[in-house]
4 protein chains.
Amino acid sequence: MAKITILIHCKDTSGIIASVTNFIHKNHGNIVYIDQHVDRQNTTFFMRCESVFNPKTFHYENFKSVFQELIAEKYEMEWQAYTDDYKPKMAIFVSKYDHCLYDILGRYNAGELNVEIPFIISNHPDLKHIAESFKIPFYHVPVTKNTKEIAEQQQLKLLEEHGIDFIVLARYMQIVSEKLIERYQNKIINIHHSFLPAFVGAKPYHSAYKRGVKIIGATSHYVTEELDAGPIIEQDVARVTHAHSIDDLVMKGRDLEKIVLARGIKLHIDRKTMVFNNKTIIFS
Amino acid sequence: MAKITILIHCKDTSGIIASVTNFIHKNHGNIVYIDQHVDRQNTTFFMRCESVFNPKTFHYENFKSVFQELIAEKYEMEWQAYTDDYKPKMAIFVSKYDHCLYDILGRYNAGELNVEIPFIISNHPDLKHIAESFKIPFYHVPVTKNTKEIAEQQQLKLLEEHGIDFIVLARYMQIVSEKLIERYQNKIINIHHSFLPAFVGAKPYHSAYKRGVKIIGATSHYVTEELDAGPIIEQDVARVTHAHSIDDLVMKGRDLEKIVLARGIKLHIDRKTMVFNNKTIIFS
Amino acid sequence: MAKITILIHCKDTSGIIASVTNFIHKNHGNIVYIDQHVDRQNTTFFMRCESVFNPKTFHYENFKSVFQELIAEKYEMEWQAYTDDYKPKMAIFVSKYDHCLYDILGRYNAGELNVEIPFIISNHPDLKHIAESFKIPFYHVPVTKNTKEIAEQQQLKLLEEHGIDFIVLARYMQIVSEKLIERYQNKIINIHHSFLPAFVGAKPYHSAYKRGVKIIGATSHYVTEELDAGPIIEQDVARVTHAHSIDDLVMKGRDLEKIVLARGIKLHIDRKTMVFNNKTIIFS
Amino acid sequence: MAKITILIHCKDTSGIIASVTNFIHKNHGNIVYIDQHVDRQNTTFFMRCESVFNPKTFHYENFKSVFQELIAEKYEMEWQAYTDDYKPKMAIFVSKYDHCLYDILGRYNAGELNVEIPFIISNHPDLKHIAESFKIPFYHVPVTKNTKEIAEQQQLKLLEEHGIDFIVLARYMQIVSEKLIERYQNKIINIHHSFLPAFVGAKPYHSAYKRGVKIIGATSHYVTEELDAGPIIEQDVARVTHAHSIDDLVMKGRDLEKIVLARGIKLHIDRKTMVFNNKTIIFS
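Residues numbered from 1 in each chain as written. Chains lettered and ligands numbered in written order. Predicted model: local features only at pLDDT ≥ 70, side-chain atom pairs only at ≥ 80, totals over all residues. Heavy atoms only, no water.

Asks: I would appreciate a short explanation of the interface of chain A and chain C in the present structure.
Replies: It is common to report an interface's size as the accessible area lost on association of the parts. Listed as interface residues are 34 residues of chain A and, on the opposing side, 34 residues of chain C. Carbon and sulfur atoms make up 54% of the area that chain A and chain C hide from each other, which totals about 2700 Å². Remark: the boundary between chain A and chain C carries four salt bridges. Note that Arg 239 of chain C and Glu 234 of chain A form a salt bridge whose closest N and O atoms lie 3.4 Å from each other. Here chain A and chain C share 22 residue pairs in polar contact (both at pLDDT 80 or more) between them. When residues of the side of chain A that touches chain C are traced back to their parent elements, those giving at least two are strand E2 (30-39), helix H7 (204-211), strand E11 (232-239), helix H8 (246-269) and strand E13 (279-282) of chain A. With seven residues, E11 of chain A is the largest single contributor of residues to the side of chain A that touches chain C. (Contact = heavy atoms within 4.5 Å. Buried area = accessible area lost by both parts, 1.4 Å probe. Salt bridge = Lys/Arg side-chain N within 4 Å of Asp/Glu carboxyl O. Polar contact = N/O pair within 3.5 Å; in protein donor to acceptor, adjacent residues only side chain to side chain. Helix = DSSP H or I, 4+ residues; strand = E, 2+ residues; numbered from the N terminus.)

Asks: Sorry if this is basic, but what is going on with the nonpolar core here?
Replies: Counting residues in each nonpolar core, the largest one holds 196 residues, and the members touching the most others are Ile 92 of chain A, Ile 92 of chain B, Ile 92 of chain C together with Ile 92 of chain D. Filtering out sequence-adjacent residues up to four positions away, Ile 92 of chain C remains in contact with Leu 101, Ile 104, Leu 105, Ile 117, Phe 119, Ile 120, Ile 121, Val 168 and Ala 170 of chain C. Grouped together as the second largest cluster of nonpolar side chains are 54 residues, Ile 6 and Cys 10 of chain C together with Ile 16 and Cys 49 of chain D included. (Core = buried A, V, L, I, M, F, W, Y, C linked by side-chain atoms within 4.5 Å. Buried < 20%, exposed > 50% of the residue type's maximum accessible area, 1.4 Å probe, protein only.)

Asks: What is the right way to read the sheet that holds strand E7 (residues 138-140) of chain D from this model?
Replies: One key point about sheets: their strands pair by backbone hydrogen bonds, in either a parallel or an antiparallel sense. Residue and element names in this part refer to chain D. With mixed pairing, the seven strands of this open sheet are ordered in space as E7-E6-E5-E8-E9-E10-E11. Here the strands that pair on one side only, and so sit at the sheet edges, are E7 and strand E11 (232-239). Neighbouring strand axes in the sheet, compared pairwise and without regard to direction, differ in orientation by 20 degrees on average. Strand direction decides the pairing type here: strand E6 (residues 120-122) and E7, joined by three bridges, are parallel. Directly across from Ser 122, in E7, lies its bridge partner His 140. (Pairing = 2+ DSSP bridges. Axes fitted to C-alpha atoms, helices over the stretch in contact; angles between N-to-C directions.)

Asks: Where do I start with the relation of the copies chain B and chain C in this structure?
Replies: Note that the two copies of the chain are related through a rotation about an axis and a translation along the same axis. When chain B is fitted to chain C, the best match, at an RMSD of 0.0 Å, comes from turning it 180 degrees and sliding it 0.0 Å along the axis. Such a combination of turn and shift is consistent with a two-fold rotation axis. Taking C-alpha positions as reference, the residue of chain B nearest the rotation axis is Ser 133 of chain B, located at 3.5 Å. (Least-squares fit on C-alpha atoms with pLDDT ≥ 70 in both.)

Asks: Any chance you could explain the relation of the copies chain A and chain C here in plain terms?
Replies: For these two chains of identical sequence, chain A goes onto chain C by a turn of 180 degrees and a shift of 0.0 Å along the axis, with RMSD 0.0 Å. A high fraction, 100%, of the interface residues of chain A reappear at the interface in chain C, so the copies pair face to face through one surface.

Asks: For this particular structure, what's the right way to read the packing of aromatic side chains?
Replies: Aromatic ring pairs: the centre-centre distance and the angle between the two ring planes describe each pair. Residues and elements named next belong to chain A. A complete count under the given rule lists 54 aromatic pairs over all chains for this structure. Centre to centre, the rings of Phe 46 and Phe 276 are 5.2 Å apart; their planes meet at 70 degrees, and the pair counts as edge-to-face. Of this pair, Phe 46 sits in strand E3 (residues 44-53) while Phe 276 sits in strand E12 (residues 273-276), and the two are 230 residues apart along the sequence. Three or more aromatic residues link up through ring pairs in this structure, and these residues are Phe 23, Phe 53, Phe 58, Tyr 60, Phe 63, Phe 67 and Trp 79. Residue placement shows Arg 183 over the ring face of Tyr 184; its charged tip is 4.3 Å from the ring centre. (Phe/Tyr/Trp six-rings, centres within 6.5 Å; stacked < 30°, edge-to-face > 60°. Lys NZ or Arg CZ within 6 Å of the ring centre and 35° of its normal.)

Asks: Just checking my understanding: could you explain the pattern of salt bridges for this structure?
Replies: One side chain can pair with another of opposite charge once the charged atoms of both are near each other. Applying the stated rule across the entire model yields 72 salt bridges over all chains. The partner of Arg 48 of chain A in a salt bridge is Glu 50 of chain A, with the nearest N and O atoms 2.9 Å apart. Ionic pairing is found between Arg 183 of chain B and Glu 160 of chain B, a salt bridge with its closest N-O pair at 3.7 Å. With a gap of 23 residues between them, Arg 183 of chain B in helix H6 (residues 178-183) and Glu 160 of chain B in helix H5 (residues 148-161) connect regions that are remote in the sequence. A relative accessible area of 41% places Arg 183 of chain B in the partly exposed class. The structure contains a network of salt bridges with shared partners spanning Asp 103, Arg 107 and Glu 112 of chain A together with Arg 254, Asp 255 and Lys 258 of chain D.

Asks: How do you make sense of the state of the cysteines when you look at a structure like this?
Replies: Two cysteines, two sulfur atoms, one covalent bond between them: this is a disulfide. Scanning the model with the defined rule gives zero disulfides over all chains in all. Free cysteine: Cys 49 of chain C, not disulfide-bonded; nearest cysteine sulfur from Cys 10 of chain C at 13 Å. The cysteine Cys 100 of chain C is free of any disulfide, with Cys 100 of chain B supplying the nearest cysteine sulfur at 18 Å. On the basis of relative accessibility, which here comes to 1%, the residue Cys 100 of chain C falls in the buried class. (Disulfide = S-S within 2.5 Å.)

Asks: How should I be thinking about the environment of Ile 8 of chain D in this particular structure?
Replies: Turning to its location among the elements, Ile 8 of chain D is positioned in strand E1 (residues 2-11). In this structure Ile 8 of chain D comes out as buried when scored by relative accessible area, which is 0%.

Asks: Before we go on, may I ask you to explain the UniProt feature "active site" (unreviewed entry) in chain A in this structure?
Replies: Taken from the UniProt record, the annotation "active site" (unreviewed entry) applies to Asp 228 of chain A. You can see Asp 228 of chain A is positioned in the loop between strand E10 (215-222) and E11. Judged by relative accessible area, which is 8%, Asp 228 of chain A ranks as buried. Excluding its chain neighbours within four sequence positions, the residues that come into contact with Asp 228 of chain A are Asn 190, His 192, Leu 196, Val 200, Gly 201 and His 221 of chain A together with Arg 211 of chain C. Only 3.4 Å separates the side chain of Asp 228 of chain A from the side chain of His 192 of chain A, close enough to count as a polar contact. (UniProt positions renumbered as here; feature names shortened; annotations may be inferred.)

Asks: Would you mind going over the packing of helix H1 (residues 16-26) of chain D against helix H2 (residues 60-75) of chain D with me for this structure?
Replies: The angle between the axes and the distance between the axes are what describe a pair of packed helices. Residue and element names in this part refer to chain D. Between H1 and H2, the shortest axis-to-axis distance is 11 Å and the interhelical angle comes to 165 degrees. On the basis of the axis angle, H1 is roughly antiparallel to H2. The element H1 and its partner H2 pack so that their crossing is right-handed. Two secondary-structure elements touch here, H1 through Ile 16, Ser 19, Val 20, Phe 23 and Ile 24 and H2 through Phe 63, Val 66, Phe 67, Leu 70, Ile 71, Lys 74 and Tyr 75. When its residues are assigned to classes, the contact of H1 with H2 shows ten nonpolar, one polar and one charged. (Parallel < 35°, antiparallel > 145°, perpendicular 65-115°, else oblique. Left-handed = near helix turned anticlockwise from the far one by under 90°. Nonpolar A, V, L, I, M, F, W, Y, C, P; charged D, E, K, R; others polar.)

Asks: I keep staring at the UniProt feature "domain: ACT" (unreviewed entry) in chain A and nothing clicks. Help me out?
Replies: Per the UniProt entry, the sites bearing "domain: ACT" (unreviewed entry) are residues 5-80 of chain A in this numbering. For the annotated span residues 5-80 of chain A, helix accounts for 36% and strand for 39% of the residues, and the straight-line distance between the end C-alpha atoms is 8 Å.

Asks: I'm lost on the interface of chain B and chain C in this one. Help?
Replies: Listed per partner, the contact involves 13 residues of chain B and 13 residues of chain C. Carbon and sulfur atoms supply 53% of the area buried between chain B and chain C, which totals about 1200 Å² over both sides. Area buried by chain B at its contact with chain C is led by Tyr 102, Glu 112 and Met 251 of chain B, which between them contribute 33% of it. If you look at where chain B meets chain C, you find six salt bridges. Residue Arg 254 of chain C pairs with Glu 112 of chain B through a salt bridge whose shortest N-O separation is 3.0 Å. Where chain B touches chain C, the interface holds four residue pairs in polar contact (both at pLDDT 80 or more). Secondary structure elements with two or more residues in the side of chain B that touches chain C: helix H3 (99-109) and helix H8 (246-269) of chain B.

Structure (structure tokens):
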């Protein structure tokens, strides 16, 4: 069976759900999952809908153009459709920390993540052996003050050559260039090692230690131009005490970072995230 | 606006969502929330749908009979509809522990729970003053070996006279009679002070202490004839250590019991629970 | 048996634990609990020690003066001793929100909190009936721009007349005066409705909603002159989603506030908190 | 500096802490951490004490024999001492699941676990490549009905030849032989994929699904002869809903298993666990 996932947002009005579901039904689709959200402050409607069609009679391109004509235009929808056949292509950016990389590749190997990983980019050569042990190409693209532009061009070239759909910054210790952010809007996932908006910026564990918090956290979010201020996908926390040193926080935090990043990636792959007004709608 | 919440379950097949949403749309309703679940093992479909209608043109009874005729019969649905106008009537059963009672009545006072509480029944007189301070009638119905049947009759009489919709056992330390359970199927909510199925029966904190668990829990569930084996609505847990005495567990557990019972009650009031095969579907 | 709890801090050096425990042993005390912490950055030593003495032979004042002479002076300790006989006197400040007040008084009634509550102060008359139902004196001390100083004097007078040991701000919606903070250093416990340092100041649930966080929190802390920047005693969090309105956050937050404040109060009463460098050491 | 960790248990009586700390002080040790617990039901005293000595003047063997003579015999203590110099030797047993193995070896590589891992044993050849990529010897010891005794002998031989201190069953899908359990009492750590005592035995995720729990868990525990009934070291849980299939539970559970096993291993390595009456005391 062909499975289509449609994500919609538009101004809220009466009859949208009925129109969409009716359209799918008339096209011999069976809706297996539907979820929606209305942002009442902005009277905006969001919907995620998974339907199954008979591949023998189903014409995907045809379906999309008729949907655009009959439904999307009527409600002035912004919408995307995704098929299950296509595995999104995910690039991983790393630096020297290996825990998130190991975790992602372990899940990838275990079949948890329905993606292709065409390559890993790093500004340091240190983690090459991990990429190799998982048989994934590794590109060392150093970034220094003087090579920033060249590095950016190298990155963009690799991303485009491989048709990368989205990027994961798995503790990549460089600020991503504006051009990249623009090109991959809501398609770059970062892991920040604090429960944002607390402890924005560098060395959040040091700041957490200094403030004497009893809980530390991690946040996966889409990257926007403002540092650590993009739409939050997922957060989680762990308890700490006065007895924990900064090193202890770093170690405890690693487990949080791994899990919170992995959940963010999985939600993105499963088309369960939408972004509106710098916030996410998470259909899970 | 009149708000109608419909709960449906039936055999899974193609077109149910489209049929229902289309019906609501044609009756000038606006769907504000829709959620569904398919139990694939049992090919059973579940749906919860909130719609808003114009009260000037909307005829509730008429709507229900046409829905039954055109939709429900076609798919052999079991279904209920609820209006927002009607506040369900909740009876509370207690014994001597007051923490859950205080918590429920505090939330009731704060407007968290959209119910009426016609009365509180207890097999002990101890908590009468709490009922009085919240101005809720309190009936002392003692239960001993010899008075079990009389007590049951008293309870049933009170429940029927007041048109009680569902019952909350807020640490009621008596086993509820079969007749009551039959009469209020999936409408009696109990709080058990362990994470079921661990530590079924009496004194779960003692058992938890003896086993040396590092986590204790509480479970709110619908009461069935088999003790502590009914459909689970909500569970939560708290960390404990070797240093906690049984008394410490009891005290820590009180906070869990309050919250887990309150969440269970709220889900039930909001029509967010369905029961199938001794399990709950929780639309939240 | 007389139970003495000693809290110590001093510069870290060799032999402190042996000296203290040996002193207690020679005075026929039995140590039932000892915990310590060394802040390595500041080479500072912290200790909490519970000992039991035979009340027939034990002279508390004598014990303290000899301890001061033989032990405390040698190590230049700052220290306090507390007996179990004495119940600390706790004043509660409230405004209009009742959930924390109900929760505290419920725990007080249940015997969870080993304190006396000589009175409740409020800048509004709204919660008087709760104080009355728990038979605790209630003083309405309005605070307006013009009456700030008079109010402060009234508060201080009440606090001193009743020999209040510490103050709990149970969602008191006024900034406490500097004089009060100075007089009750590390003895005023506030509940802030966010996981500090995120969302300092007014309307944290609104800010949390706006930022689109997936976790909200609450923080109990000692009050210092800088707003919401005092030593954190306890924090906890709850998950939220895009579907939660600000009102939902407020309601979910109430449960957090109650529990986090109650834990903070209990730790303070049990002499399990020490403050150093604007951070707490929590012996639990 | 030489760091010594002493674990003690004995009948509770007055003066133990003073005696021990005084002894360490007189031997020119500086106590950096002390924790104790009294089991009041069994009037048993437990203590964990870390001390630092000047390696130039400190004689470990001498210290131990004098401690035995002067302190341990007086109080009839059972006690162990450990030095920081010695890295315990940990054997890992696996079968086909790789997530716990990857997690342990990743932590080992990152320096989180202060152990040596002389080898990995498996009853299947599947995970050999992982062992190799981390450069750890891998022994395939098949276990069938007929080869059980031979396998046990092979295992014991390997364990003894390498001087293994403790064993980790990282989802090892075989019941360990009595001889092994006897030889490594409280030194075999297993991960069970439920919050024990719920769902003892095989297929706990299937049972959890069937019972409709809202929380799943994992438990690391020392192995005793009774299946899944040994002393619990650590537990943790994760929320699930009606929408999770058994496969979803298995996937969610993997993250729990990794973390709960890792924490159990770390506590054991750091000498923070003691066992008494089939329960653990965890000094953390």
